[in-house]
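Residue-level structural notes
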Amino acid sequence: MERETFGKVLANRLSRMVLACAGLMLFAFGGYLQLQANIGLASWSSLNQGLALRFPISYGTASILVSVAVIVVDLLMKEPIGLGTLLDAFLVGWGTDLFLRMGFPMLEDAMALQLLLLFLGMVILCAGQYLYMRAGLSCGPRDALMVGLGKRFPKLSIGTMNIIITVVVLLCAMALGSRVGVGTVVCIFGSGAVMDAVFKLLRFEPRSVEHEGLMQTFRALISAVGNERE
């Protein structure tokens, strides 16, 4: 077997990081469109908003704090934590804050346009999930939770598991005083169906992806350095 050089290993990880970053920014834009639909937030977004309302922090900062808390749960479930997890924890929050500052498209108040933005947001969000998960650098905190529970309940589709998680998260968001609307209900039940449809169209099963954890990435780089010295 040909030994990989450090340059080849590094180039491989960098290219996968670029793919993951592109997917995460797409994911952030999908979530932003749901915010701009102005018809009720998705569960995780509602939780972020609830924290931002209760504490002097921005929506993006709340998203980062929630991500860190979920990472702790992922570790307890022994899900791999890799570069993709860390990128997700920060990029989605920062990306959403960036799109909010840009303010385009504007907040909508016409029901037809609101539903359209909400649906587009769900589709774009799932496409972003596909891209960054495909990089194999470990799932983001929330998706690692979804995949981890999905492995423990293999008879449930990944979309169904997503619905269960979002209902629990929504209850926490409501306890914080977050706004619940028609869009919230649509997101809870629609996002699971959209996720199953998008992943089926792309022939993608997130539970089958071999994800690389931080230690595996580190060992691959160290091993390549050793190959260079021999």
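Residues numbered from 1 in each chain as written. Predicted model: local features only at pLDDT ≥ 70, side-chain atom pairs only at ≥ 80, totals over all residues. Heavy atoms only, no water.

**Digging into the side chain of Q129**
Here Q129 lies in helix α5 (residues 111-134). Looking at Q129, its side chain comes within polar contact range of the side chain of D143, at 2.7 Å. Aside from chain neighbours lying at most four places away, what touches Q129 is F27, D143, M146, M195 and F199. (Helix = DSSP H or I, 4+ residues; strand = E, 2+ residues; numbered from the N terminus. Polar contact = N/O pair within 3.5 Å; in protein donor to acceptor, adjacent residues only side chain to side chain. Contact = heavy atoms within 4.5 Å.)

**Focus: unusual backbone geometry**
Of note in this structure, S138 is not a glycine but carries a positive phi near 90°. Here S138 shows up in the loop between α5 and α6 (141-152). On the basis of relative accessibility, which here comes to 1%, the residue S138 falls in the buried class. Positive phi, close to 55°, is recorded for R203, a residue that is not glycine. Note on R203: relative accessible area 81%, which makes it exposed. (Buried < 20%, exposed > 50% of the residue type's maximum accessible area, 1.4 Å probe, protein only.)

**Let's talk about empty space enclosed by the protein**
Counted according to the given criterion, the structure contains one cavity of 30 Å³ or more. The computed volume of the largest cavity comes to approximately 470 Å³. Lining the largest cavity are 31 residues, with F27, A42, W44, L125 and R142 positioned closest to its centre. Contributing elements (two or more residues each) for the lining of the largest cavity: α1 (6-37), α2 (43-54), α3 (59-76), α4 (83-102), α5, α6, α7 (158-175) and α8 (182-201). Considering only residue class, the lining of the largest cavity consists of 15 nonpolar, 13 polar and three charged. (1 Å grid on protein atoms, 1.4 Å probe; cavity = no way out; pocket = protein on both sides within 12 Å on 5 of 7 lines; lining within 4 Å. Points joined across faces, edges and corners; volume = space filled by probe spheres on them. Nonpolar A, V, L, I, M, F, W, Y, C, P; charged D, E, K, R; others polar.)

**Things to note about the packing of aromatic side chains**
Enumeration over the complete set of coordinates arrives at six aromatic pairs. Plain terms: the ring middles of F90 and W94 are 5.4 Å apart, the flat faces sit at 40° to each other, and that makes the pair tilted. Residue F90 and its partner W94 are both found in helix α4; the two are separated by four residues, about one turn of the helix. Each residue in the set F29, Y32 and F99 is aromatic and connected to the rest through ring pairs, giving one cluster. (Phe/Tyr/Trp six-rings, centres within 6.5 Å; stacked < 30°, edge-to-face > 60°.)

**A look at the layout of surface pockets**
If you roll a probe as big as a water molecule over the atoms, it shows you where there is empty space left. Here the largest pocket is characterised by a volume of approximately 150 Å³. Lining the largest pocket are W44, L47, V70, V73, L145, I165, V168, V169 and C172. Elements supplying a minimum of two residues to the lining of the largest pocket: α2, α3 and α7. Ranked by residue count, the leading element in the lining of the largest pocket is α7, at four residues. Each residue belonging to the lining of the largest pocket can be placed in one class, and the counts come to nine nonpolar, no polar and no charged.

**Quick word on the nonpolar core**
Ranked by internal contacts, the top residues of the largest apolar core, which has 47 residues, are W44, L47, M146, I165 and F199. Broken down by secondary-structure element, the contributors of at least two residues to this core are α1, α2, α3, α4, α5, α6, α7 and α8. With eight residues, the top contributor of residues to this core is α5. Among residues more than four places away in sequence, those in contact with I165 are W44, L145, M146 and L149. (Core = buried A, V, L, I, M, F, W, Y, C linked by side-chain atoms within 4.5 Å.)

**Brief notes about the pattern of salt bridges**
Evaluated as defined, the whole model comprises four salt bridges. Of the charged contacts in the structure, one is a salt bridge between E212 and R13, with a shortest N-O distance of 2.6 Å. Here R13 lies in helix α1 and E212 lies in the loop between α8 and α9 (214-229), a separation of 199 residues in the sequence. Each of the two residues, E212 as well as R13, counts as buried. Taking the shortest distance from any N to any O, the salt bridge between E205 and R207 comes out at 3.1 Å. Classification of E205 as partly exposed rests on a relative accessible area of 33%. (Salt bridge = Lys/Arg side-chain N within 4 Å of Asp/Glu carboxyl O.)

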